[in-house]
Every structure is written in C-alpha cells, then in structure tokens.
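# Coordinate analysis (summary)
Each chain, written out:
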Amino acid sequence: MAVQEVNLLIHSATQLITCAADGPKRGANLCDIGMIPDGALAVTNGEIVAVGASSVLRSTYSASQEIDASGMVVCPGFVDPHTHAVYAGDRVNEFEMRVGGASYLDIMAAGGGILSTMRATRGANLDALVAQTRRRLDVLLALGTTTVEIKTGYGLEPNHELKLLQAIELLASSHPIEIIPTFLGAHAIPPEYAERSDDYVELVVQEMIPRVADWHRNSWFAQQRPDDALFIDVFCERHAFSAAQTQRILAAGFAAGMRPKAHVDQFTSLGGVAIAIQLGAISVDHLEVTNADDIALLAQSDTIGVVIPAANVNLGVPHHAPARDLVDAGVALALCTDLNPGSAPCYSLPLVMGLACRYMKLLPAEAFNAATINAAYAIGCGDRLGSLEIGKQADILVLDVPDYRHVAYYLGGNPVQQVVKNGRVI
C-alpha cells in the first residue's frame, strides 16, 4: 500500500489519550480515557485523519512535519467552558479583604465584587479591553487551553455589554484560541438600578437581548458558524437574580434564538437548576449547594453540570460542589477555571483538575474527560472538539509527563510541551 502524505504526524507517545466518545461521558464511562500506548495520530488540513499505534501510522503516512512524543503524553486540547476573561482592572484589594475575614457576598452587597469590575470595565475603551484580554488568552493557551468560552457581564448596560461582545469578536478573529461567546447581561444589578431589579430585568429583556441578537446575526461568529446559537446566561443568586427573573430572562433569550446557560446554586439554591433544564440549558454551572432532587433531575437531562473548584479554593470556602455525587448519579460533569478577577483569578485547567481530584474526589481520568470532551459538549462543540478522533478538529497537546495522571498529581507547574490548534503547531 502506498504511503499517504499528511501535514502532521505525532508519534511514539507513551500514552495517547483520545477521550473518544459519541456524546458527553457519564457514570463509569467518565473513567474511560481511550488510552493507546505508543500512540500516534495524523493530521491533514486541520483535521485528524488517523489515530492508532505508532508502528502502523509511521508505515502508512509520511508527513511534512513530525513531532516525536517519546516519553510524553498526547491528548486533546483542554476546553474551558466557563470564563469571564474580558474585563479591566483587578480586585486584589478585595482578595486582601477576604483574607481578613470578609465574605464574597458581604463584599458584593457593599457595592464591590462584580460591580467593582463593572466600574473599571465601563471606564476602559475597546482597545484597552482587547489588549488586556489578549495577554490572558496567551497564558491560557500556554497552559493547554485551546478553546475557551467567554462571557460578557461587566458592562451591565446596553452599550457597554455590546462593547464586551465586540472585544470578544476581535479576539476570536485574531487569536489562536477558539472563543465561544456568551451574553451575561444578567450578571448583577448595576448601581443605577439598586432596589429596582425588576426594572433592570426589563432593560435586559426589552433592549439588551434584541440588540445582542442583532449583533450576533451580523457578527464574525455567525459568518464562521451560522448554525451555532449565541449562549445567554444568568446569575441566579441572592443579591443577583431571583428564580422568576432568571426564568424571564432565559425565556426571552431563547425566544430570540439564544441557548440558555445558568449560574446556579453557588451560595443559595433558588430553583435555578429546574428552570434551566426546563428551558433546555446546555449547562448549569457552580452547583455548590445543589440538593439531591436537583442532582437526580440533572442526571435525567441532557444538560451538563459544570463545577468550579478554583472558585471555592480562592474564596477559602471549605465546601465544594458535590461532584462525586453528581458523577455517581449519572450527571455529565465538566470542569472550568471560571477565570475572573474576583472569585477565580485562575488560568490553569491542569491546576483545576488537580483541585477537583483532591477536593471533589474525582479520579484523574474523570477530571481529564471533564476538562476535554465533556467541557466541549458544555459549550456546544463536542461534535468537533474535545477528543482525538478521525474527522475531528486537530486540537492537540503534547505533555512532558510520562503518565496522564501526572497532570492532576503535580500542582502549580505546566506540563504542556507543545500546542497544536486546528492542525497548526503554535
């Protein structure tokens, strides 16, 4: 048989971790990472065309570029399905306050927290937001994140929310990381609507959602993937949005062609899980105080549960989302950094995987799948990203470790030796 020419051949991996799946992984399947010892894969035109043993692929394919992964692990690029990466300034003063004993909700109720970042973000122009965020994306990419979801939510006013979407669009069209946008106009009640939260909900529903829907129809994202819906998110929590307000906002977004996501059960269970599932949410995120009834409801649904260990560690909160219970109940679980300047100033999915194993009792294989294939499904990309399978986009990491479990085992380092995005070696 004639040798076939390909663009890229990665071979001799001690472990090739495919995370292959027909859909989100649940239950015992979350432990199946699809390991191929001495594995290899071939790439042409940004697409994986072969996966298997190195001896077979090296005799079948000839590549213009080869990567010898001897002694290393090859795996899918990490997918971060929940971040707030576009913002101005920082909240290091609040970090110091929390260390001194103030709670996150105390700071939020006093006008800090999200509103502090809102003020800094409103004061920054588009170029400044793009420049600051580009540096964050560089760090994410260096740590192995090849696809990232980014929410708005620090504008909390129609023009400023659109400014954040424009920044996300500019970055998506110019940075190697693939960006999935989410509209989060209902992140907090802005100060000009203090004690008038229903009026702010009216603004979100009547003005923001129609304007954002119009923006998306004419955006770079719609040109690239016209069948993909824009996501809409709501923070369902005390000092933020009630269950009834969450229902109204997500329903309005759905009617405008957006697909729901929701921040739920971070500090208080207000019924957001059931509301989100009823509206066909692609994910519900946080779940720190989710009860057994809602865990069962989530397990019976197609909605992904996204948990956030870095936020709790950063806030110094000993309680974490019941990830072990979620997995054992059959919930499709994903991990994220929640990168933001307040509750989770964290870039590293390898670190998040390590925290999830230690504090949430996930096994390393479960954490790996939760940060790749399940994370991809949590942002609507699981059919093309999150695993190393024939026909999928070639988003690949070469990790300088001899065993995939080292990614969660070591804390604070960076195992990433090489990043390949869409078939291109970065």
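Described in the following lines is the structure provided in the data block. (Residues numbered from 1 in each chain as written. Predicted model: local features only at pLDDT ≥ 70, side-chain atom pairs only at ≥ 80, totals over all residues. Heavy atoms only, no water.)

## Concerning the overall build of the protein
Per the secondary structure count, the protein includes 17 helices and 16 strands. For the protein, the proportion of contacts with a sequence separation of at least 24, taken over those separated by at least 6, is 74%. Carbon and sulfur atoms form 51% of the exposed surface of the protein, whose accessible area is close to 15,400 Å². Placing the 28 positive and 45 negative side-chain charges of the protein at their respective mean positions leaves the two points 3 Å apart. (Helix = DSSP H or I, 4+ residues; strand = E, 2+ residues; numbered from the N terminus. Contact = heavy atoms within 4.5 Å. Areas by Shrake-Rupley, 256 points an atom, 1.4 Å probe, with all protein chains shown as cover. Lys, Arg positive; Asp, Glu negative; His and termini not counted. Charge placed at Lys NZ, Arg CZ, Asp CG, Glu CD.)

## Let's talk about helix H9 (residues 243-255)
Relative to the 18 Å expected for 13 residues at 1.5 Å per residue, H9 spans 18 Å between its end C-alpha atoms, a close match to the ideal helical length. Looking only at H9, the buried set comprises Gln245, Thr246, Ile249, Leu250, Ala252 and Gly253. Summarising the axial view, the buried residues of H9 lie within an arc of 160°, below the 170-degree limit, and thus occupy one face. Seen from the buried face of H9, the exposed residues on the opposite side, beyond 90 degrees, are Ala244 and Ala255. Where H9 terminates, the next one or two residues include Gly257, which has phi positive at roughly 95°. (Expected span 1.5 Å × (residues − 1). Buried < 20%, exposed > 50% of the residue type's maximum accessible area, 1.4 Å probe, protein only. Arc of directions from axis to C-beta.)

## Looking at the packing of helix H6 (residues 158-172) against helix H7 (residues 197-217)
Where H6 meets H7, the axes come as close as 10 Å, and the angle between the chain directions of the two elements is 30°. Our classification of the angle between H6 and H7 gives roughly parallel. Seen from above, H6 lies across H7 with right-handed handedness. Counting all contacts with H6, which are made through Pro158, Asn159, Glu161, Leu162, Leu165, Gln166 and Glu169, the residues of H7 involved are Leu203, Glu207, Met208, Arg211, Val212 and Trp215. Looking at the contact of H6 with H7, its residues break down into 7 nonpolar, 2 polar and 4 charged. (Axes fitted to C-alpha atoms, helices over the stretch in contact; angles between N-to-C directions. Parallel < 35°, antiparallel > 145°, perpendicular 65-115°, else oblique. Left-handed = near helix turned anticlockwise from the far one by under 90°. Nonpolar A, V, L, I, M, F, W, Y, C, P; charged D, E, K, R; others polar.)

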